[in-house]
Amino acid sequence: MNRSTKMSLSEKQMGYVLIFPALLIILVIAIWPVMRSFWISLHDIRLNDPTKSEIHSSYGLDMERYVSTLPNLLRYVKREADSAEGSSKEKLNALQVQIEQMNTSLNQTGEVASRYQMIDQLLLDFKPVPTELKYVSLSNLQTESIKNTLAEIRAVLLQMSEQKLLSKPEGALGVIQGIEASIIEPNFVGFAYYKKFLTDARMWGAMYNTAFFTVISVAIELVLGILIALLINRPFRGRSLVRATVLIPWAIPTVISAMMWKFLYDGQNGIVAYLFEQAGLIADMGMLLTTKAGAMFSVILADVWKTTPFMALLIFAGLQTIPQSLYEAASVDGATRTQQFFRITLPMLKSTILVALLFRTLDAFRVFDLIYTLTGGAPGNSTETISIYAYKTMFAQMSFGEGSALAVIVFLCVALISIGYVKILGADLLSDGSSK
């Protein structure tokens, strides 16, 4: 009896047990990708460099490159030695022996020797080298020995080249460079990318563009969303058709709407650009997408057109929850429409507006496809947001380490925005509850 009492869980412990599966799912789906990006951001990973295409915590050797370049160096030194005389011939023969000793020392490791034969046969048969055969780990002593040997060979060849004792010195030096490139360095860089971006003017410019776009577009969408929600909340003939029509911009895929606005802004045939020019808002039709101010205005206008219906839909749902009896009582007391809006509608919509602002702020801060399709961040990076900068770094420059660092920065900003809104929402809900 006493044992069963000791083994039973308290109410608090039982609560933790029940929410543990949910926490585990959140950890796997939401947190793990961020932690993975953070881990990658601590390494110099570049897809355009075979020796840095993966995380390497220790020295290694690209066996495919090593096997394909070492025989070329041996053949070159032997050919030069066959045509040389006297002390030059002796130096070149000594270099050949030194290269063979380096290769023999490296092949004393059974793994390197076995892979050398297999990869050499694959290259002779013009077959691709599997990834599992391509890389092999090296000790610090082995790496130091290879580097010293190659440095000594390079020094001797350069000296003989200056003395005009070699027929084609540039070929040998190129091969040595290829063998050096086959040595894989550990690519852990720590917080180097974060330090770099903290002083990067382009990153701060992208952050400013993102904040400016977010604040202006969300503010306009909030005002227009409230107005549209109030309109479609009123009874009138054809209200259902108007509600459906208002949602059309939001229903169109973002990339398609961006392409559509790109044609509308076109400096030659764009109808919007033509109307703005006729109205005197711009001096020339080509200004919309070719100037910094015009491009930012254009992307904000396109985003407002695209996502204001979403804001209106959320606020309209909030309006539906306000009891009609409150307005009837206010009318009996003689309150005007304006007083009813500021004393009843706006306070009752506070939580709904905060939720809508949370969704739209996060969405606007992560904006990518609309601006990337419309301007690509041009002109002069004036519309480049932090997400576009991260994309260009990661996929255009193939620098996954730097791109991951920017992705983590975006995550931190989004997390701060979310925490701020959640704190405001939580305080608002608590205050509502306590006031009752």
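So, a few notes on the structure that sits alongside this text. Model, not experiment: these values are computed from the prediction.

What the chain contains, in helices and strands, is 22 helices and three strands. Against the compact-globule benchmark of 22 Å for 436 residues, the chain has a radius of gyration of 33 Å, which places it well outside the compact range. Taking the principal axes of its C-alpha atoms as reference, the chain extends roughly 115 × 90 × 40 Å. In the chain, buried positions account for 38% of the 436 residues. Sequence separation of at least 24 residues holds for 72% of the intrachain contacts in the chain that already meet a minimum separation of 6. Carbon and sulfur atoms form 64% of the exposed surface of the chain, whose accessible area is close to 25000 Å². Placing the 37 positive and 35 negative side-chain charges of the chain at their respective mean positions leaves the two points 9 Å apart.

Let's shift gears to the nonpolar core. Core analysis: the biggest nonpolar cluster contains 62 residues, and F197, F213, I386 and L406 have the highest contact counts within it. Ranked by residues supplied to this core, first place goes to helix α22 (residues 400-435) with 10 residues. The contacts of L406, once residues within four sequence positions are left out, are F197, M203, I386, Y389, A390 and T393. One finds V67, V136, L150 and V175 within the second-largest nonpolar core, a separate group that totals 34 residues.

Two side chains that carry opposite charge are able to pair once their charged atoms sit near each other. Under the definition given, this model contains 14 salt bridges. A salt bridge links E185 to K147, with the nearest nitrogen and oxygen atoms 2.7 Å apart. One end of the pair, E185, is in the loop between β3 (183-184) and α9 (192-198); the other, K147, is in helix α7 (residues 140-162), with 38 residues separating them in the sequence. For K147, a relative accessible area of 30% translates into the label partly exposed. In this structure, E180 and R154 form a salt bridge, with 2.5 Å as the shortest nitrogen-oxygen distance. Note that E180 is positioned in helix α8 (residues 169-181) and R154 in helix α7, a separation of 26 residues in sequence. A relative accessible area of 30% places E180 in the partly exposed class. The network of salt bridges with shared partners includes D44, R46, K52, K196 and E402.

Moving on, we get to helix α16 (residues 292-319). Helix length check: α16, at 28 residues, gives a terminal C-alpha distance of 39 Å against a target of 40 Å (1.5 Å per residue), a fit within 8%. Along α16, the sharpest change in direction is near 40 degrees and occurs at T307; proline P309 comes one to four residues later. Of all the 28 residues making up α16, 20 are buried; the element is thus mostly covered by neighbouring parts of the structure. The N-capping residue of α16, defined by a side-chain oxygen 3.2 Å from the backbone nitrogen of G294, is T291.

A separate point is the sheet that holds strand β1 (residues 60-62). Spatial strand order, β2-β1-β3: three strands in an open sheet with antiparallel pairing. Single-partner strands in this sheet number two, and they are β2 (135-137) and β3. Sheet analysis places β1 next to β3, joined by two bridges and oriented antiparallel. Note that in β3 the partner of L61 across the bridge is I183.

To continue, consider the packing of α7 against α8. Put simply, α7 and α8 touch, their axes get as near as 10 Å, and they point 165 degrees apart. Regarding the angle of α7 to α8, the classification is roughly antiparallel. Remark: the crossing between α7 and α8 carries left-handed chirality. Facing α7, whose interface residues are L150, I153, R154, L157, L158 and S161, α8 presents P169, A172, L173, I176, Q177, I179 and E180.

Right, let's talk about the packing of aromatic side chains for a bit. Inspection of the entire model under this criterion finds 16 aromatic pairs. Where F276 meets F297, the ring centres are 5.8 Å apart and the plane angle is 55 degrees; that geometry is what we call tilted. Taken together, the residues F276 in helix α14 (residues 271-278) and F297 in helix α16 connect sequence positions 21 residues apart. By relative accessible area, F297 is classed as partly exposed at 41%. Aromatic ring contacts, followed pair by pair, group F368, Y372, Y391, F395 and F400 into a single cluster.

A few words now on the side chain of T69. By the secondary structure assignment, T69 is in helix α3 (residues 63-83). On the basis of relative accessible area, T69 is assigned to the buried category, the value being 13%. In contact with T69, not counting residues within four places along its chain, are V175, G178 and I179.

Let's shift gears to the environment of M14. Along the chain, M14 turns up in helix α2 (residues 11-41). A sequence separation of 10 residues divides M14 from L24, and the C-alpha atoms of the two residues are 16 Å apart.

Turning to unusual backbone geometry, a few remarks are in order. Going from A378 to P379, the amide bond is cis rather than trans, its omega being -5 degrees. By the secondary structure assignment, P379 is in the loop between α20 (369-374) and α21 (386-396). One non-glycine residue with positive phi stands out, namely F126, at about 60 degrees. Inspection of the secondary structure assignment puts F126 in the loop between α5 (110-124) and α6 (131-134). Assessed through its relative accessible area of 78%, F126 is described here as exposed. Positive phi outside glycine occurs at M398, with the angle close to 60 degrees. As for its placement among the helices and strands, M398 is situated in the loop between α21 and α22. The class of M398 is partly exposed, set by a relative accessible area of 32%.

Calculation notes
- Residues numbered from 1 in each chain as written.
- Predicted model: local features only at pLDDT ≥ 70, side-chain atom pairs only at ≥ 80, totals over all residues.
- Heavy atoms only, no water.
- Helix = DSSP H or I, 4+ residues; strand = E, 2+ residues; numbered from the N terminus.
- Rg over C-alpha atoms; globule rule 2.2 N^0.38 Å.
- Buried < 20%, exposed > 50% of the residue type's maximum accessible area, 1.4 Å probe, protein only.
- Contact = heavy atoms within 4.5 Å.
- Areas by Shrake-Rupley, 256 points an atom, 1.4 Å probe, with all protein chains shown as cover.
- Lys, Arg positive; Asp, Glu negative; His and termini not counted.
- Charge placed at Lys NZ, Arg CZ, Asp CG, Glu CD.
- Core = buried A, V, L, I, M, F, W, Y, C linked by side-chain atoms within 4.5 Å.
- Salt bridge = Lys/Arg side-chain N within 4 Å of Asp/Glu carboxyl O.
- Expected span 1.5 Å × (residues − 1).
- Bend = angle between axes of the 7 residues up to and from the residue.
- Polar contact = N/O pair within 3.5 Å; in protein donor to acceptor, adjacent residues only side chain to side chain.
- Pairing = 2+ DSSP bridges.
- Axes fitted to C-alpha atoms, helices over the stretch in contact; angles between N-to-C directions.
- Parallel < 35°, antiparallel > 145°, perpendicular 65-115°, else oblique.
- Left-handed = near helix turned anticlockwise from the far one by under 90°.
- Phe/Tyr/Trp six-rings, centres within 6.5 Å; stacked < 30°, edge-to-face > 60°.

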